[in-house]
Amino acid sequence: MDELFSIRPLLAILVSAAAVPFIMWSRRPNVREFWTFSAAAVKLGIVFSLLPMVLAGKRPSLVLAHVLPGLPLALRVDAMGLLFALVSSSLWIVTSAYSIGYMRGLDEHSQTRYFCFFALALSATVGVAFSANLLTLYLFYEMLSFATYPLVTHHQDHEARRSGRKYLAYIVGGSVGLVLPAMVVCYLTTGTLEFTAQGFLAGHIDRQTAWLLGLLFVFGLAKAAVMPFHAWLPAAMVAPTPVSALLHAVAVVKVGAFSIFRVLTGVFGVDFLGRCGLDILVGVLASITIVTASLMALSQDGLKRRLAFSTIGQLSYIVLGAALLVPKGLTGGLLHIAMHAFGKITLFFCAGAIFVATGLKNISDMKGLGRRMPLTMGAFLVGSLGVIGLPPAGGFLSKWNLLLGTLEAHQIGFLVVLLVSSLLNAAYFLPIVYNAFFAPPATTGASSEVHEAPAWCLAAILVTGTCSLVLFFHPWPFMDLALLAVTQITGR
Amino acid sequence: MGHSLSRGSAERPGPGSGVRSLLHQPRGKPYMYRIRVSGCIAFEFPDRQGAFFTLYLLFVAGLLGITVTGDLFNLYVLLEVTSLTGYALIALGRNPAAPLASLHYLLLGTIGASFYLLGIGYLYILTGSLTMGDMADILTRMDPSIAVLVAFLLCMAGVWIKMAFFPLHVWLPNAYTLAPCASSSLLAPLMTKVMVYVMIRLILSVFSPDFVYRAMDLAPFVVWMSVLAILAGGVLALSQKNVKRMLCYVLISEIGYMAGGVWLGNRAGMTGAILHILNDAVMTLCLFLVINNVFYRRRNLDLEGFRGLSRSMPFTTAAMVTGALSFIGVPPTCGFFSKWYLLTGALQAGHYMFMAALLISSLINAVLFFRIIEAAYFESGTGEDGQEPAQGIQEAPMDMLVPLLVTAVGTVIVGLYTGDIVTLFIERVIPRGFT
């Protein structure tokens, strides 16, 4: 594997943090939003410029500081990290557009603070994607936790305060209480924390220690919301919808799932996981989460809460993909990072658009909504298809690969879990769409004229919805990156 | 006792010189601190500025003397110079309870100093020398006797009282809380830390690590005491309403970190402890400066005084968050890296309780500081008169704000340069055989 010195990973991380002062000192909202968009565009540009190098098998890398012996703060872009960075930086642009429509539509307070911390959170997200070792990953992971706290608690009321407390308790409690000691153990036994193909723990620890460390990591990286460390996610839905959309469908939770994926493949290594039976343990934990979360989603009436439980389930698909250990499963898990992101962000955007346009939050009130907001509900259908995993949405590809992976790994149990979950997903999404278009309006007085959300919101929804469809036909570059990532992970 | 002050440092290279240089490092800090203080002493004791600066210079001279001396008795003298000026600095303010707290500190501090002096007396009788280098030579050639042990224990007891090692901490919270802000932000980051330095110096340069860790079964006991200190400091901090007093208990908990690290008896633990002397000084300074700024504007250091701080004093709040993250141990702030070394040391020594205590303490710190951050962020604040809600930004004056921001950035810079600090200074301090 040829590593290549490049400053671009650092630039990609810093560009959004560097935009913060400009956002802060812009006097007019339009100027402020200009800086957000510029930063987002530059960021996406830099990430894209890394693509040819990475696809050619190179790995741009950079050492930032030698902080501990054998353990620098270092960045390295491989296929897996680039896949995630591409997803998050491209969706940042769309979310920024959506945020403008949403925040102005609702005349929210403290919009400057909101955009500042959004930019910081994106820096941290790309930092996690490009981390070369566990310490760097931990640094950006924590940075993300604290950068998103003001976003989650944006409303600054009693409920926001309670949710913020819960959010930090789970996330920081997990990372300080569980991940930090696990990291120290890894470092002491091996002297390194650098992600490598097939991991670095193999041959250094015995089975029991491996199980213990595996549990510490899977639960400690609580952003992935593996049950029972999931309760922060529905609580964090008090945030403004664009925050929920980007952070709780794309950045924060995906950082959790990505970190678990990274730790399982780069610290333990797929062969070692299989040898000590940790794959079954993680797979079972993920399966329990998938099924339970889907069942809980069924009973939620708040649209955002239903989406939140759906997210919990879908995140564990990614974890399950890693636990399958076979190429198809890994590909499916990685692809799901991208596919689920596009599908779920569309759904969240729709939820926010409905709220801005009509003030509705509960699913039971949304009957007949399709006549008033046809485009939004059409996009909602596309997003649902993506999350359920039906063609012609991109989500089909990732689920298809996961299913093939279960067969390849001879894990019929996990196959059943995935199929049951798909049915449950359909059961909690499709009635919403059906009722929106075919049921009579819940409130008789409501006008049946077309009344969509503000243009900025609508545009964002249509873009992500279209992407979700296009990804089914042209999954480039995510498919190439996922396949390349699998060879890099397995070292074969 | 005509031992020259320079002898030890001039003639003895090798172990020790690094500790000195490391402790010299924060020498820039008193200077920075001086600029900062000019703003806040003007309203704390306008009529005693001359006295304050005289005491301040004496205090810093004493501290620097402690770190350069190679003579145990000179160390005692300088310790008393530092302590006496410290007592005076605490009693300087207008708070009517401060003199009493200072007297309390004086009584306990003097007991501590007497213990130390008694220990030195024993050593002088045993070896006939007072120079650290000579004494180390003679002690290694002597058979370990009860007398050496007693001398060591007496010295340690003295040092522990002065560094507020739980449960010998009772003087600290009152003294530092009731002291004027200018004094407490000078004393808090330096006074207890210099005692940790003295402890390390005694262990590494006077008594050999072999004697300290292997000839006695004291080490596990002290680590257990540190566990207690860390947890008790945290729990006591949780029960405080006054933020300054809360910080004092956090300080006691941090002393536990360092004492535990030293007594783990391995290289990683010792590295962590020495690194934490610097890191803890930086982050304590940061938070005490925050306290000063808040006191300057709000005159109220209870949790209510921090309400709405994020709106009226955004930069001070940002600095507070940085300091808080360092106490919680979030990378890349410096607090993370010393904690990392301490955790490694604890794991290597197989002392899982100490490891657990460090982690629990991090979580307690998270609760402590997020309580303040919540008050600053969620609740609407009150203005200077305590009645009207604060309108607009009311930051502290520039000469108070700039040093605070420099310190806050310093927590990150020091964290990022951990690698250099360890290889250039700390590695040279710890004897090579010490694993």
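Residues numbered from 1 in each chain as written. Chains lettered and ligands numbered in written order. Predicted model: local features only at pLDDT ≥ 70, side-chain atom pairs only at ≥ 80, totals over all residues.

**Description of the overall build of chain B**
Threshold: Labels follow the DSSP assignment, with helices taken as runs of H or I lasting at least four residues and strands as runs of E lasting at least two, numbered in each case from the N terminus. Three exposure classes are used, based on other C-beta atoms lying within 10 Å of a residue's own C-beta, which is placed from the backbone: buried for 20 or more, exposed for 12 or fewer, and partly exposed in between.
Looking only at helices and strands, chain B has 20 helices and 0 strands in total. Within the span of chain B, comprising 435 residues, buried residues form 59% of the whole.

**A look at the overall build of chain A**
The condition that has to hold: Just to be clear, the radius of gyration here is over C-alpha atoms, and the globule rule we use is 2.2 Å times residues to the power 0.38.
Within chain A, the secondary structure is distributed over 20 helices and 3 strands. In terms of C-alpha radius of gyration, chain A reaches 21 Å, essentially the compact-globule figure of 23 Å for 492 residues. Taking the principal axes of its C-alpha atoms as reference, chain A extends roughly 70 × 55 × 45 Å. Considering chain A as a whole, with its 492 residues, one finds that 62% of them fall into the buried category.

**Some words on the nonpolar core**
General note: in soluble globular proteins, nonpolar side chains tend to be found buried as a group. Let me state the cut-off plainly: Each nonpolar core consists of buried Ala, Val, Leu, Ile, Met, Phe, Trp, Tyr and Cys residues. Their C-beta atoms, within 7 Å, join them into a set.
Ranked by size, the top nonpolar core spans 365 residues in total, and within it Leu83(A), Ala121(A), Ile260(A) and Val319(A) carry the most contacts. If you tally residues by element for this core, the top one is helix H14 (residues 267–298) of chain B, at 20 residues.

**Re the interface of chain A and chain B**
Where interface size is quoted, it is often the accessible area lost as the parts come together. The criterion, for reference: A pair of residues counts as a contact when their C-beta atoms, built from backbone coordinates, are within 7 Å of each other. Classification used: nonpolar for Ala, Val, Leu, Ile, Met, Phe, Trp, Tyr, Cys and Pro, charged for Asp, Glu, Lys and Arg, polar for all others including Gly.
The partner chain B presents 23 residues to the 21 residues of chain A that form the contact. Elements with a contribution of two residues or more to the side of chain A that touches chain B: strand S2 (59–68), helix H6 (134–152) and helix H7 (158–190) of chain A. Along the lines of polarity and charge, the residues of the side of chain A that touches chain B split into 15 nonpolar, 4 polar and 2 charged.

**Observations regarding the pairing of strand S3 (residues 71–76) of chain A**
Residues and elements named next belong to chain A. What counts here: What makes two strands pair is DSSP finding at least two bridges between them.
The element S3 is extensively covered by neighbouring structure, given that 6 of its 6 residues are classed as buried. Direction of pairing for S2 relative to S3: antiparallel, over a ladder of 6 bridges. Residue pairing in the sheet places valine 63 in a bridge with alanine 74 of S3. The loop that links S2 with its antiparallel partner S3 comprises 2 residues; one of these, glycine 70, has a positive phi angle of about 70°.

**A look at the pairing of S2(A)**
Here strand S1 (residues 3–5) of chain A pairs with S2(A) via 3 bridges, running parallel. Its bridge partner being in S2(A), Glu3(A) is matched across the sheet by Arg59(A).

**Things to note about the environment of Gly345(B)**
Position of Gly345(B) relative to the elements: it lies in helix H17 (residues 334–348). On a C-alpha basis, the gap between Gly345(B) and Leu416(B) in space is 20 Å, while along the polypeptide they are 71 residues apart.

**Examining the domain arrangement of chain B**
All names here are of chain B. Heads up, the condition is: As annotated, the domain borders come from an automatic or database domain assignment.
Domain annotation of chain B identifies domain 1 (1–216) and domain 2 (220–435). Of the residues lining the interface, 41 residues belong to domain 1; the matching set on domain 2 comes to 42 residues. Listed by contribution, the elements that provide at least two residues to the side of domain 1 that touches domain 2 are helix H2 (17–24), helix H3 (28–44), helix H9 (171–178), helix H10 (181–206) and helix H11 (209–214). Grouping the amino acids of the side of domain 1 that touches domain 2 by side-chain chemistry returns 27 nonpolar, 11 polar and 3 charged.

**Description of the confidence of the model for chain B**
In low-pLDDT segments, the atomic positions of the prediction should not be examined closely. Residue and element names in this part refer to chain B. Our working definition: Note on scores: pLDDT gives the predictor's confidence for each residue, bounded by 0 and 100.
Mean pLDDT for chain B: 84, with 87% of residues reaching 70 or above. Low pLDDT (under 50) marks residues 1–29, which in the prediction has 55 contacts with non-local residues, meaning those over four places away or in another chain. Predicted complex metrics record ipTM = 0.90 and pTM = 0.90.

**Some remarks on the sheet that holds S3(A)**
Residues and elements named next belong to chain A. Just so we agree on the cut-off: The angle between two axes is taken between their N-to-C directions and runs from 0 to 180 degrees, where each axis is a line fitted to C-alpha atoms and a helix contributes only its stretch in contact.
Read across the sheet, 3 strands follow the order S1-S2-S3 without closing on themselves; strand pairing throughout is mixed. This sheet does not close on itself; its edge strands, each paired only once, are S1 and S3. Geometrically, the sheet is characterised by an average inter-axis angle of 45° between neighbouring strands, direction not taken into account.

**Observations concerning the packing of H6(A) against helix H10 (residues 241–268) of chain A**
A pair of packed helices is characterised by two quantities: the angle between their axes and the separation of those axes. Residue and element names in this part refer to chain A. Heads up, the condition is: Any angle that falls under 35 degrees is termed roughly parallel, while one over 145 is termed roughly antiparallel, one within 65 to 115 roughly perpendicular, and all others oblique. In this scheme the handedness of a crossing depends on how the near helix is turned from the far one: anticlockwise by less than a right angle means left-handed, clockwise means right-handed.
Two elements in contact, H6 and H10, have axes whose closest approach is 12 Å; the angle formed by their N-to-C orientations is 165°. In terms of their interaxial angle, H6 and H10 are classed as roughly antiparallel. You can see that H6 and H10 cross each other, and the crossing is left-handed. In this structure, H6 uses Leu134, Leu137, Tyr141, Leu144, Thr148, Leu151 and Val152 to contact H10, whose residues at the interface are Val243, Leu247, Val252, Val255, Ser259, Arg262 and Val267. Looking at side-chain class alone, the contact of H6 with H10 contains 11 nonpolar, 2 polar and 1 charged residues.

**Focus: the packing of helix H4 (residues 49–68) of chain B against H10(B)**
Residue and element names in this part refer to chain B. Running from amino to carboxyl end, H4 crosses H10 at an angle of 15°, the nearest separation of the two axes being 10 Å. The angle between H4 and H10 falls in the class roughly parallel. The crossing of H4 and H10 is left-handed. Residues Phe52, Tyr56, Phe59, Leu63, Ile66 and Thr67 of H4 pack against Ala182, Leu186, Leu190, Val194, Tyr197 and Val198 of H10. Taken together, the residues of the contact of H4 with H10 sort by class into 11 nonpolar, 1 polar and no charged.

**Some details on H10(B)**
Residues and elements named next belong to chain B. Defined as follows: By this rule, a helix spans an expected 1.5 Å times one less than how many residues it contains. A residue's bend is simply the angle between two axes: one fitted to the seven residues ending at it, one to the seven starting at it.
Taking 1.5 Å of rise per residue, 26 residues should cover 38 Å, and H10 covers 36 Å from first to last C-alpha, within 8% of that figure. Leucine 187 marks where H10 bends most, by close to 40°; the proline proline 189 follows one to four residues later. Counting buried residues along H10, 26 of its 26 residues qualify, which places the element largely inside the surrounding structure.

**Quick notes on the environment of Ser421(A)**
If you trace the backbone, Ser421(A) turns up in helix H18 (residues 412–438). With sequence-adjacent residues up to four places away left out, Ser421(A) is seen in contact with Ile290(A), Val291(A), Ser294(A) and Gly313(A).

**Section: the environment of Leu149(B)**
Residues and elements named next belong to chain B. Position of leucine 149 among the secondary structure elements: in helix H8 (residues 146–162). Judged by C-beta crowding, with 16 C-beta atoms within 10 Å, leucine 149 ranks as partly exposed. With 79 residues separating them along the chain, leucine 149 and glycine 70 place their C-alpha atoms 21 Å apart.

**So, helix H19 (residues 398–416) of chain B**
Residue and element names in this part refer to chain B. Helix length check: H19, at 19 residues, gives a terminal C-alpha distance of 27 Å against a target of 27 Å (1.5 Å per residue), a fit within 8%. The sharpest bend along H19 comes to roughly 25°, located at glycine 410. Buried within H19 we find Met400, Pro403, Leu404, Thr407, Ala408, Gly410, Thr411, Val414 and Gly415.

**Some details on unusual backbone geometry**
Along the chain, Trp476(A) connects to Pro477(A) via a cis peptide bond; the corresponding omega equals -5°. Considering the arrangement of structural elements, one finds Pro477(A) in the loop between helix H19 (455–473) and helix H20 (478–490). One non-glycine residue with positive phi stands out, namely Ala164(B), at about 60°. By the element assignment, Ala164(B) lies in the loop between H8 and H9. Of note, Arg299(B) is a non-glycine position whose phi angle comes to about 55°, a positive value. In this fold, Arg299(B) is placed in the loop between H14 and helix H15 (309–312).

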